[in-house]
Each structure stands twice: as structure tokens, then as C-alpha cells.
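# Reading the structure
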Amino acid sequence: MKIECTMTSAWAHYETLDKGLRRGRLSQLTSQLRKDRAANNHVTLAELLTAAVNEKSDGYRCALLLLLVVALENQESGSTRLPIWVDGEMCIRTRLTERIAAFMAGDLKWFSEGIESLMNDIERGNLKPLIGAETESCPFIIRAGWLHENRAFNQEVILAKKMGSMATRLTGVTTLDIDALALEFPLSQEQRQAVEKTLHRQLTLVTGGPGTGKTSIVVALIKALISEGVDLSRIVLAAPTGKAAFRMDQAIRNGLSQGRETLDGLSPAMTLHRLLGYHPRGGRFKHHPRNQLSASVVIIDEASMIDTHLMFRLIRALPESSKLILLGDNDQLPSVGSGQVYKDLINALPKATARLTKSFRMRDDDPDGRDILKFAAAICETKPNLDSVNQKNSVQEIRWAGAEHVSDNVPKDAMVAAWYERQFSFLERLPFMMTHSAVSDVDDPIHETYSQLLDEFERTQVLAVTREGPAGVNSLNRLFQSIHCERYHLNPKQTFQTGTPVIMRRNDYQHDLFNGDQGVVIGPRHGDINEHSVLFRGANGNRLLPLGSLLGDLELAYAVTVHQSQGSEYESVLICLPSVDVPMLTRDLVYTGVTRSRRSVITWGPVQSLQWACQRAAIRYSTLDALLRHSVDDADCAPDELTK
């Protein structure tokens, strides 16, 4: 079989298809895929690549198109590789056949023959330069029965090599008196061991659930580093999101201020993108192997949120001698982007990992925190039995404390109304309907009032599993907005009314705002968009920005997805569960939602949904774990581990 290798010839084939000169099953499949939400973003690229293959068979071309679409979908959903052959069986056949059966009726023998022919060509290396072997420069490669996007695979290879090397490298700090340090910053035995590990190793992974004292470790570590003569200006604090960075900065500075250390010279915690100097217009990073960071120590919180590409960028920008400490919770959701870097690092590098298991919220004087942690533990153990959560069958029974499950016998409207009445009552006493001028920073005394308003909005959060559906973000936000507008006699047709919480959906570098940043709309009751502003909390104080300049980047935030809540912490959380089973309803997701709360977490929906979630783990296919084990020459790693 011959493959046309140039993009010119591929485009010619593509134009031919587009002009209708070659209609048939491929055209039908392409048309159907464009209507499929999961596939729509990938069809054009897959069609262009398929057009580069000079093969007449409809079955072959349809199989190739569908394989490429599935591979791109697979990466978008978080995996870095797609299983083709497992244990000698062609597992991809079933997946592709089931997928095409959803679009095309009748006898699919023609498609099965196309799959067989396609797989034979892949195995023999006949699909170069589209799909080739590991050592070849093709967009996709086949390695040990798995299909990889070449760039993602190479990033994993480089990550494994560099981080494997860092994990085995000791830094040799020996002069610190850990007992004296513990007198100033009280530490448990686990925490002491974690601090010692971070001091003696170039790479340390600290994992623990909520309340296990990860922040205390960082505070003690910074104190220890200062004692060892490390310049505060060369210690960098960072997190994947602006919200997580803000929380990290507050917690660490509060902890250090309780000791006898000066904070002069310690830069505020920042997002990883800001740390690396990301330029959105060109998609480039200021810091890279030829212009590395000047940091001696980099400490990153919420590391489970870092995807393969961002970790790759970070590691390449680190100087050879820099120390890296990654903090997170291994049981939380993996990153939104592809890979599960933090989980793979912890699984493959046990000697570089410090596990914290003792929670300081499990105290007799904090029964609510203890309830939540018991519920979270039951979820992790796949045992969401009803003994681990208090069941409620009416709004009147809700305690608004600890862990509770409200049956779906309570209508959604009633649950939302009860939540609004309880959690948004502060709007009766704090001004949010006022005439003002939007300015970059807000000065005292208004600053104090706005800070109180933001504090109240940040105290609670409704979380949803999906964006669509009766229990999804969009439906919940519409319902909350309807209640709010009726209560304060506002125009329900205006999406962003005064007093409504909002969230950024994308980065806005001009205004120094990032995806996931939350704020509240401020303005007069009957004002138009030009009279309304959005109040945000910033590193240097509160900020008011014109609503009109942000309209395309905002959405309502009475409810947000669990993914959007990562890196946040609240006093009270309501998790709305779907009434039907959906793939993203996983143990990791519910655990992440539950552990966002300190005092009260309510799950609302069918008990069956809770059970569905706890029986399903988020599955991602990656190669990093095996590559890391190989890199550090782990004796416990079986020879065939690399082919898993």
C-alpha cells in the first residue's frame, strides 16, 4: 500500500472529499462524527490525516478515521496512550466496531475487514509516516501494543529520565537540629520524617488527605532552609491555579508569622504558568532549558492537578541543583489535561514519597470534621454504606453539619431553595447593590466591606458532576439565579445581575485573571452592564473590574463542577449527584468534592449514584509509571512492566 507523504497531497485528497467527488461510507461516518460531542473537535484533523492514505477501501479508510478520532478523544479525556493489542488480543476491534455501530446500521463485515487490513499495515510498518515505530518521527507511534501520540510519549520519556534521576539524588543536609525545629513548629512523627526527607532529597513527594498537615511541613521546611543559609528570595511557592496559590500563600505566611522568622524576601505564591513566564499570544514560556529559573527550592501545592505537558515544562526549566517538593492528595482527581503525573510519581518512587495518614481534624472537639473524614475514607475504600453518612429524607432534617446524604425524594427546587435561604442570607446585611466606579484596586474603608462580601461567598459552594442535565451546573445556576432575582426584584433576563457569584472560564492576562478565579457582580439594582463591575480578590487586595470587559469569559458560579473546585476549601459544600450513571461519576471525583469541605458536606441525589461512583475509579492509561521504574532501576519492577 502506498501513502502520500506530503501535506499538499493530503489536502488535495481532503478537498476532493469536501467537494463531494468521493462520497460513500467515509462521508457518512464523517458527517455523523461531526454531530457527536466527544468527536466533533477531532474530526477535521483525523479526516485530513486519513486523506493522506492512498487506500480505496471504504472499510479501511473508515477504520483509520475512527482510530484517529478515538486516539485524540482518548488523549483529551486524560490518557496518554490507547490500547491496541493486549495479551495478544486486538482489543481495539471491539471499541471501533461498537462505535461505528452507533452511526451505521446493517452488516458491518466490510468494516471488520477494514480493521483487519489496517491492523496488518500498522503491524508491518506500512502506515509510515502517519503511524510508525517508537524510534520513528511519526505523529503517532506503536509501542508494545499501545498507540501513543509521539509528542506526549517523548514528554513522558524526558520526565521519567529527569525525575527518576532527581529522586535518587541526595542533597546532604546534615547540620539541622530537627528536635529544636519541632519546638518552634510542633510536628507529628510523620511530619518530622517528611521534613527530614525533603531536606535530604532533591525530589520529594508529600501526599496526604485533608487536615494531615502538609502546610505545617512547608512552614517547618522553609524555617529549616533559612537556618541552612538558603536565601528566602530563592524559595519559590507555586500552585496550578490562582485560587490554590492564594490559599497556599495565606496558610504558609500565617504559619511562618507565628514563629520568629521574618518574611522579608519571600515572594508571594504564584501560578505555575506565571512562574514559568507563559506568553499566551505565542504559546511560549519564558523559562526553558536555555533560560532556567533562578530558584534554589521550588515548592508546589495541589500537585495532582499538574498534567504531563505542564510538568514537562517545569522540569526542563529547573536548574540541575534545584530542590523540588510536590505536595498533594493522591486520592484526588487527576489533572484536567492528559496524564496522571502525581499518581505515577508516587507509585513509582516510594523512597522519594512521604505519606501523611494522621488527620488533625479527627479530634474529639471537632465531630463535624471527623464525620467528613470518615465519609471520605469510606469512599476511598469503596464502601459508601449508609452507616458512613447521615441520611435525610426532608429539608427539615438537615443538620448542616458533618456528612449528610439527602435523598432525591427531596425535589431539586426544594434543596436549592433551602441552600439559598441558609447560605446566602448574608446578602441581607452586606451591601452589594450600589453605585460605584470600577477601579483596579479598592481602598479602605470600602475594602473591608468588600472583603466581608467575598469571605461570605467563598465560605460555601454547590458542586456538580456534569455541566448538563437536571443536576448539572447549568440547570442549577439557572434555578439559583431565578430565586435570587425574585428575592431582590432583579431582571431575570439579564444573566449577570448584581449580587451573583461568577467564575472565569478562561485566562485573561490583560486583567491578570485566570481560569477558575471567582468573584461577585456589584452594581445598582436596575443598572445596565456598563454600571456593573465584578469584585475579585487579588494578591494585593480586592479589585473591581468592569463587567462589560469580561462578559465573554464569565459564567454563573452558584454551582461549579467538582473539577473547577480543586484547590479550594469551604466551610460547607453541597454535591448534586446525577440520577443516571455517567462515566465521569467516579470515586476520585466524589472524594475530591467531599474533601473540599471543613464543616458540612451534603450529597443530594439517589443513593445508587453514590454507590455507582464509589465502585468506579478514574481510569487513565499512561506510560510514566513504568518509565520511571525503569529509570530508577527499581528491583521490584518486573521485566514486562514496561509493556503494561
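Below you will find a few notes about this structure. Residue positions within a chain follow its written sequence, with the count starting from 1. Local features in a predicted model are, by the rule used here, given only for residues with pLDDT of at least 70; side-chain atom pairs are given and counted only at 80 or more, and totals for whole chains, interfaces and linings are based on all residues. Just so you know, side-chain values use all the structure's heavy atoms and leave hydrogens and water out.

This paragraph deals with the overall build of the chain. Each helix is a run of DSSP H or I of at least 4 residues and each strand a run of E of at least 2, with the numbering of both proceeding from the N terminus. Counting its secondary structure elements, the chain contains 22 helices and 25 strands. Accessibility here uses a 1.4 Å probe with only protein chains present; expressed as a share of the type maximum, an area under 20% marks a residue as buried, one over 50% as exposed, and anything in between as partly exposed. Here the chain holds 644 residues, and 56% of them are scored as buried. Residue contacts are counted whenever heavy atoms from the two residues lie within 4.5 Å of one another. Counting contacts in the chain only where the partners sit at least 6 residues apart, residues at least 24 apart contribute 72% of the total. Entry remark: accessible area of the chain is about 28,200 Å², with carbon and sulfur atoms responsible for 47%. Method for areas: the Shrake-Rupley scheme with a 1.4 Å probe, in which residue coverage is limited to the protein chains shown.

With that out of the way, let us pick up helix H18 (residues 473-487). Expected span of a helix, by definition, is 1.5 Å for each gap between consecutive residues, and there is one gap fewer than residues. Between the first and last C-alpha of H18 there are 21 Å, a value that for 15 residues agrees with the 21 Å anticipated at 1.5 Å per step. Every buried residue belonging to H18 is among Val473, Ser475, Leu476, Asn477, Leu479, Phe480, Gln481, Ile483, His484 and Cys485, and all of these are buried. Summarising the contacts, the buried residues of H18 are in contact with helix H16 (412-423), strand E17 (460-464), strand E22 (554-556), strand E23 (559-561) and strand E24 (570-576).

Neither face of strand E12 (residues 297-300) is exposed, since Val297 and Ile299 on one face and Val298 and Ile300 on the opposite face are all buried. Pairing geometry for strand E8 (residues 235-239) and E12, over four bridges, is parallel. By the bridge assignment, Ala238 is partnered in E12 with Ile300. The pairing criterion for strands is at least two bridges between them, as found by DSSP. As judged from the four bridges shared by E12 and strand E13 (residues 323-328), these two strands associate in the parallel manner. Bridge pairing in E13 links Ile300 to Leu326.

Turning our attention to the sheet that holds strand E6 (residues 146-149). Whenever strands of a sheet pair, they do so through backbone hydrogen bonds, lying parallel or antiparallel. Strands sit in the order E1-E6-E5-E4 across an open sheet of four strands; the sheet is mixed. The open sheet terminates on both sides in strands that have one partner only, identified here as strand E1 (81-83) and strand E4 (131-133). Recorded for the sheet is a direction-independent mean angle of 30 degrees between the axes of neighbouring strands. The pairing of E1 with E6 spans three bridges and is classified as antiparallel. Along E6, the bridge assignment pairs Arg81 with His148. Angular values range over 0 to 180 degrees, each being the angle between N-to-C directions of two axes fitted as lines to C-alpha atoms, with helices fitted over their stretch in contact.

To continue, consider the sheet that holds E22. Taking strand neighbours across the sheet as the criterion, the five strands line up as E21-E20-E19-E18-E22 in an open arrangement whose pairing is antiparallel. Strands at the two margins of the open sheet, each flanked by one partner only, are strand E21 (541-546) and E22. The mean inter-strand angle of the sheet, taken between neighbouring strand axes irrespective of direction, is 35 degrees. Judged from the three bridges that link them, strand E18 (residues 501-504) and E22 form a sheet pairing that is antiparallel. Each bridged residue has a counterpart across the sheet, and for Val502 the counterpart in E22 is Leu556.

Let us look at unusual backbone geometry. Cis peptide bonds are those with omega within 30 degrees of zero, and the linkage from Lys128 to Pro129 qualifies with 10 degrees. Among the structural elements, Pro129 can be located in the loop between helix H6 (109-124) and E4. Phi at Trp400 is positive, roughly 60 degrees, even though this residue is not glycine. For Trp400, the location among the structural elements is in the loop between strand E15 (390-392) and strand E16 (402-406). The phi angle at His489 is positive, at roughly 55 degrees, despite the residue not being glycine. Among the secondary structure elements, His489 is positioned in the loop between H18 and E18. By relative accessible area, which is 59% here, His489 ends up exposed.

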